[in-house]
Every structure is written in structure tokens, then in C-alpha cells.
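Listed below, chain by chain, are the residues.
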Amino acid sequence: MEILLLKGLFSVLASCFLGLFYYQHPLVSASGKRSGYKKPNFVIILADDIGWGDLGSNWNLRKDTPHLDKIATEGMRFIDFHSAASTCSPSRASLLTGRLGLRNGVTHNFAVTSVAGLPLNETTLGDVLKEAGYLTAVIGKWHLGHNGPYHPNFRGFDYYLGIPYSHDMGCTDTPGYNLPPCPACPGHTAAMRKHQEDCYPEIALPLFENLTIVQQPVDLTSLAAKYTEKAIQFIQYASQRGHPFFLYIALAHMHVPLTLAEPTWDLPGQDPYGANLREMDALVGRIKDEVDSTAKENTLLWFTGDNGPWAEKCDYAGSVGPYTGRWQTRSGGSSAKQTTWEGGHRVPTLAYWAGKIPANATSPVMLSTLDIFPTLVSLANASLPPNRQFDGMDVSEVLFGRSNKGHQTLFHPNSGAAGKYGEIQALRVDQYKAFYLTGGAKACDGSIGKERRHQPPLIFNLQHDIQEAAPLDIETAEYRAVLPVANKALLDILWNIATDNVSTADYSHDPAVTPCCNPRHLVCRCQLAYSNSFQRC
Ligand SMILES: *[C@@H]1O[C@H](CO)[C@@H](O)[C@H](O)[C@H]1NC(C)=O
Ligand SMILES: *[C@@H]1O[C@H](CO)[C@@H](O)[C@H](O)[C@H]1NC(C)=O
Ligand SMILES: *[C@@H]1O[C@H](CO)[C@@H](O)[C@H](O)[C@H]1NC(C)=O
Ligand SMILES: *[C@@H]1O[C@H](CO)[C@@H](O)[C@H](O)[C@H]1NC(C)=O
Ligand SMILES: *[C@@H]1O[C@H](CO)[C@@H](O)[C@H](O)[C@H]1NC(C)=O
């Protein structure tokens, strides 16, 4: 049913999309000829589960990111930059709406069987930029709903190549090092399915191009190359036709499974995480080279992460650098992905725009992925969607080195580890961090910190205690000065949200919405254009 509907919509839409590409967009030709101002291009690269300490320029224990480090010397590096949430779907929803999950409705992850996604009356950055005359593309992991109208092609993106959710959701024929080893093909013996409870043995991960599944299961070893190729083609395509473009690349790296085109990490002594980091770094380097050779003076490239490392994956997780969240880890549990400790949401971030953003600059300003939306909208001379509040701010003056004004307060929602989905469990006030709720996420040793509410909150002074090791003594003048400011900030944001137009996401499930290229086939395996390289069952 759903699939037929999707196919029907596709044939209607295919003609619209093709039309757009071959005919000069009226908005673009008008703005393109406006004297002095040319709408800038945007390339947003979002790495998955990357650690603040993974970049050599942040934390020089790692030396696996020469291309990113070069971008840092040619652009601006942010050291107090935060993702809006600590897990995939909420973080992506906030990046694309400029709003916290309590407003846009996305407070935890969507599943393979989710019937819905980012609520349809939320306006995405793709919607706004497309309306402003941009060609828009998303390459990579969407994870904001894949069924019917939730698909990226209906959420402001002209072009889509990628996977609908994380690449550990659904079996593939090329299981990676840290993928649950479920059998990819029917007919495999029960003995081979001993980890069945960890995976989806009958669902093969699909690769979409626009609305069509072009490969299923995905060949993970060639995914990075395909993303790179299509990103480069898109940049060239838009530039040759004089369109401003918005390219959102949501990488599979550094999420598990760690899969490489060249499986060098199979060799004893190889560090799989480091090898994968180098592959990601090379990919980013190729995109940056393409920007430089095609649209150098007029393109903002912004690299950031969706959340911190997935600690329970041990050696297959990245590094939080100095942000160890020791108060939590001392008593068990993770202080990284899924948590509101710094390791969960402080993400490595670089911004590059030749001639506009100062080179080799380090910015200590407190910013967020929530700021990407208002900043790009402003740079594109477009307008924010009406009738709603935003949590991000236009930080273009910070990017250009003309302002040090970031957020004074920043709110960190629960992302599914403890408490209520989306609930604000910690917040920043200047250099202080107040926690109202801690615990709930699994560490490498398997421990899960006990969920604890704190009233009054734990307050850390990050300027002196970046490890979040010792909260301020509640008897001190310092604590007593920060406490009312933190409490008031929390009440204010909750009131602001309560009086805003907020959306509610539908998190219901239906196995029938599982993306499948051939509904008659037991495990959705197909042989289309790309699939020469995978083994048939
Ligand atoms: C995807 O859609 C775009 C237009 O939005 C179109 O130009 C392109 O040819 C489509 N690609 C495929 C492979 O269908
Ligand atoms: C960047 O700045 C650092 C310190 O501020 C300096 O040591 C280094 O030489 C600079 N690098 C470049 C390429 O300008
Ligand atoms: C920005 O948009 C406004 C209208 O929305 C227009 O009047 C103005 O000319 C635009 N500015 C530039 C530099 O294009
Ligand atoms: C909510 O939307 C209505 C129109 O539907 C608008 O009048 C109102 O100002 C909006 N509220 C906020 C907080 O933007
Ligand atoms: C989305 O729709 C719901 C239900 O109609 C409404 O309550 C909400 O305010 C809308 N959100 C926005 C951003 O307009």
C-alpha cells in the first residue's frame, strides 16, 4: 500500500524535479544578476558520533585528520560548539529547523518501522533555501522519517542520495567490524543467527537516490566513494548553471559499523577507528578541494558533528578529548553520546569561507548547531519561517570575526537515556553548567549510571573544571550566584516553549513501512544499477 503510494508520487514528482533542473529558475536568474550580491553556497558536513578529541587540531593525541586540520588553519575552529541534542534524529531535526526537540517534536530516534518523521508543518532549512532560489541536496543519512511525505525529497531537498537511518539499522551483505553479525541472506542456519536479538535479520539497509531504492542491501564499502562522487557532481552541476546551492552531507562516519573501502584494519595491530577517521578526513578533503576549484570565493563550508562518541562501542568509539564527565564515569555510566555531559554534545566544528572567515582562527564563543539555520537564512537574504520561535541565532558576524556574541544560555535536552524524551536536563549559563538530571547511558564496561534527579542542580564551572569532575559546593557564594540564574533560564525557556507553536511527532510503528525495493522478496534484496558488487542470496 504505502510503497505503491510512494511509487505513484514518484512518477508525478520525477517530472517536476527534472523540469526544475533544465529550466532556468526565475528566482535565481533575478538574484544572480543583482549587483554586488551573489547568494553564497553552503556545504554543511555533519559527521556521525564523532568525538571532540578526534580532530588533530582539537586534541593532538590523534593525527588522523590532516585535511580537517588544514581546514582549521584556513578557517575558524570552534572550541565551545554544541550539537542541539545527543542522539541522531533529534540532533538532525534541530539542525534543519533551528528549534529544540520540544518545539519541533523530534525528541528521540525514529526506527525502521516508523510511520512518520519530522512533523510536516515544521519548515526545514532545505524548504527555506529552495524557496530562495537554491538547488538543494542531502547526501547521506536522513533519519527524519522515510515513509511517504517524510522522505527528504518532500522536505526541501531537490536531490537525495543516502540511507534513511543509521547503517547499523538493518543487515547488509558486507557486515562491518562492529556490526551485529546477523546473517544477511535467508537460508543461513540458526547457529549463524545467534545474535539475532541484536539486529534486524530480515531487513536489508536500502540506499535511496531520490525516491528510488537503487541498492539493497547497501554495499557499505563503496558508500563513501558514492557520496563523494555525487557531492562533487552536485557542486559542479549547480555551479555550471549558476545556481546557488545548499549541500547537506550527513556522513555515515564515525558511526559503527566501521567499514572501509580498503579493509586495512583487518590486519593485526591496526586501529579500526583511526583508519575510518582517515577515510572520513580524506572524503572531507575531496569536498573541500572541489569547493576550492569550483566555487571558492562564494562558499561557506561548515563541518560539525551530530553528537559525541558512542562510548559503549569501546574501541570503535571516538575520543571525548578532555571532556571526560568524570562525575558521571566515576560512579558508572557513559558521559558521551545520549548524555548531556560535555562529551555528549560538544562537537568538533570548523567553518571555512575563503576571504570571508578569518584563517587560522580559534573561537571560544558558545554556539550550537541550532545556529546553522538562522545563519544560513540570513546569509541567503531569505526570511525565517513565521509564527514560531527559534533557539538558534544568526552568528554570521561571529564567523566573519567581527563579533564575539554567542549564546549566554544553552539548553541540553535528554536524548533518550534518562528521564522524559526531550526534557531539558542540563543547561549552560556562561561558563557554568547546571544538571537537573544525570545518568542512564551505557559505558564501555557495560555500566549504566543510575538515573538521578538533582534539586538543587549540580553546578560545574567549566572554566576551571572541563572534566565536570567536582560540582560547586552549594554553600559557596559562587553557587548561590549561579543557581537563580540557571533556574530562571530553565523556567523562561519552558514558558517560551509552552507559549510557542510546537509540533508533535508521530512515533507509531508499522512493519509495512519498512523500505523495500521488492515487496515480494523475503528480505528486500534487489539488483539495480549499483548492485553488481554485492553477493546475491
Ligand atoms: C533526482 O532529482 C533531481 C531533481 O530534483 C533530478 O535532476 C535527478 O535527475 C534525479 N536523479 C535521479 C537519479 O533520479
Ligand atoms: C596558526 O596559528 C598558530 C598559533 O596561533 C601558529 O603557531 C601557526 O603557525 C599558524 N598556522 C598558519 C598556517 O598560519
Ligand atoms: C534582500 O531581500 C530584500 C527583500 O526580501 C530585498 O529588498 C533586498 O534587495 C535583498 N538584498 C540583497 C542584497 O539582495
Ligand atoms: C502561532 O501561530 C499563530 C498563527 O497560526 C500566530 O498568530 C502566533 O503569533 C504564533 N505564535 C508564536 C509564538 O509565534
Ligand atoms: C503544527 O501543527 C500543530 C497541529 O495543528 C500545531 O499545534 C502546531 O502549532 C504547528 N506547528 C507550527 C510550527 O506551526
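Quick note: structure is the one above.
None of these values were measured; they are calculated from a predicted model.

Trainee: Give me the lowdown on the overall build of the protein, citing residues and values where you can.
Mentor: When you go through the protein residue by residue, the secondary structure sums to 13 helices and 16 strands. Expressed as a percentage of its 537 residues, the buried residues of the protein come to 61%. Restricting the contact set of the protein to residue pairs at least 6 apart, pairs at least 24 apart contribute 72%. Total accessible area on the protein stands at roughly 20600 Å², and carbon and sulfur atoms take up 54% of it.

Trainee: If you had to explain the site of ligand 4 to someone new, which residues and values would you point to?
Mentor: Residues in contact with ligand 4, as listed here, are Asn387, Arg388, Gln389, Thr499, Asp500 and Asn501. Asn387 is positioned such that a nitrogen or oxygen atom in its backbone is 3.5 Å from an oxygen atom of ligand 4. Asn501 is positioned with one of its side-chain polar atoms (N or O) 2.4 Å from an oxygen atom of ligand 4. Calculation on ligand 4 without its partners gives an accessible area of 360 Å², and the protein chains cover 46% of this total.

Trainee: Which residues make up the packing of helix H7 (residues 223-240) against helix H8 (residues 272-295), and what values go with them?
Mentor: Interhelical geometry of H7 versus H8 gives an angle of 10° and a closest axis separation of 10 Å. Classified by the angle between their axes, H7 and H8 sit roughly parallel to one another. Contacts between H7 and H8 involve Ala224, Thr228, Ala231, Ile232, Ile235, Gln236 and Ser239 from the former and Glu279, Leu283, Arg286, Ile287, Glu290, Val291, Thr294 and Ala295 from the latter. Split by residue class, the contact of H7 with H8 holds eight nonpolar, four polar and three charged.

Trainee: Tell me about the side chain of His454, and name the residues and values.
Mentor: If you trace the backbone, His454 turns up in strand E16 (residues 452-461). Polar side-chain contacts of His454 include one of 2.8 Å to the side chain of Thr438. Aside from chain neighbours lying at most four places away, what touches His454 is Trp327, Phe435, Tyr436, Leu437 and Thr438.

Trainee: Summarise the sheet that holds strand E8 (residues 245-250); cite the residues concerned and give the values.
Mentor: An order of E7-E6-E5-E4-E8-E1-E9-E10-E2-E11 is seen for the ten strands of this open sheet, with the pairing classed as mixed. The sheet is open, and its two edges are formed by strand E7 (212-215) and strand E11 (361-363), each paired on a single side. For this sheet, the mean inter-axis angle between neighbouring strands, taken without regard to orientation, is 20°. Pairing of strand E2 (residues 76-78) with strand E10 (residues 349-352) involves three bridges; the strand directions are antiparallel. When the bridges of E10 are listed, Met76 appears paired with Ala351. In the packing of helix H3 (residues 66-74) onto the sheet, the strands contacted are E2, strand E9 (299-305), E10 and E11, and the crossing angle to E10 comes to about 60°.

Trainee: So what's going on with the sheet that holds strand E15 (residues 432-438)? Residues and values would help.
Mentor: Ordered by their spatial adjacency, four strands build an open sheet running E13-E14-E15-E16, and the pairing between neighbours is antiparallel. Because the sheet does not close on itself, it has two edges, and the strands there are strand E13 (409-413) and E16. Looking at each pair of strands side by side, their axes are set apart by 15° on average, direction ignored. The pairing of E13 with strand E14 (residues 424-429) spans five bridges and is classified as antiparallel. By the bridge assignment for E14, Pro413 is matched with Ile424. Contacting E13, E14, E15 and E16, helix H13 (residues 477-498) runs over the sheet at an angle of about 120° to E16.

Trainee: Explain the environment of Ser239 residue by residue, including any values.
Mentor: By secondary structure assignment, the location of Ser239 is in helix H7. On the basis of relative accessibility, which here comes to 24%, the residue Ser239 falls in the partly exposed class. Residues Ser239 and Ala295, spaced 56 residues apart in sequence, show a C-alpha to C-alpha distance of 7.1 Å. Ignoring anything within four residues of it in the chain, the contact list for Ser239 reads Phe245, Thr294 and Ala295.

Trainee: Tell me what's going on with the packing of aromatic side chains, and back it up with residues and numbers.
Mentor: Tallied over the full model, the rule gives 16 aromatic pairs. Site record: aromatic cluster; members linked through ring pairs are Trp142, Phe157, Phe246 and Tyr248. Geometry around Tyr237 places Arg241 over its ring, the cationic atom sitting 3.7 Å from the centre. One Lys or Arg, Lys337, reaches over the ring of Trp310 and ends 3.9 Å from the middle of that ring.

Trainee: Residues and numbers for the pattern of salt bridges, please.
Mentor: Taken as a whole, this structure holds 24 salt bridges when the rule is applied. The salt bridge involving Asp64 is made with Arg62; its shortest N-O contact spans 2.7 Å. Take Asp64: its relative accessible area is 9%, and that puts it in the buried class. Connected via shared salt-bridge partners are Asp80, Glu342, Arg346, Arg428, Lys433 and Glu468.

Trainee: So, unusual backbone geometry: which residues are in play, and what are the values?
Mentor: For the bond from His253 to Met254, the omega torsion is 5°, close enough to zero to count as cis. Between Gln455 and Pro456 the backbone carries a cis peptide bond, its omega angle lying at 10°. As for its placement among the helices and strands, Pro456 is situated in strand E16. Non-glycine residue Asn387 carries a positive phi angle of around 65°. Assignment of secondary structure puts Asn387 in the loop between helix H11 (372-379) and helix H12 (396-399). We note that Asp430 has phi near 50°; this positive angle belongs to a residue other than glycine. Here Asp430 is to be found in the loop between E14 and E15.

Cut-offs and rules
Residues numbered from 1 in each chain as written. Chains lettered and ligands numbered in written order. Predicted model: local features only at pLDDT ≥ 70, side-chain atom pairs only at ≥ 80, totals over all residues. Heavy atoms only, no water. Helix = DSSP H or I, 4+ residues; strand = E, 2+ residues; numbered from the N terminus. Buried < 20%, exposed > 50% of the residue type's maximum accessible area, 1.4 Å probe, protein only. Contact = heavy atoms within 4.5 Å. Areas by Shrake-Rupley, 256 points an atom, 1.4 Å probe, with all protein chains shown as cover. Near = heavy atom within 4 Å. Polar contact = N/O pair within 3.5 Å; in protein donor to acceptor, adjacent residues only side chain to side chain. Axes fitted to C-alpha atoms, helices over the stretch in contact; angles between N-to-C directions. Parallel < 35°, antiparallel > 145°, perpendicular 65-115°, else oblique. Nonpolar A, V, L, I, M, F, W, Y, C, P; charged D, E, K, R; others polar. Pairing = 2+ DSSP bridges. Phe/Tyr/Trp six-rings, centres within 6.5 Å; stacked < 30°, edge-to-face > 60°. Lys NZ or Arg CZ within 6 Å of the ring centre and 35° of its normal. Salt bridge = Lys/Arg side-chain N within 4 Å of Asp/Glu carboxyl O.

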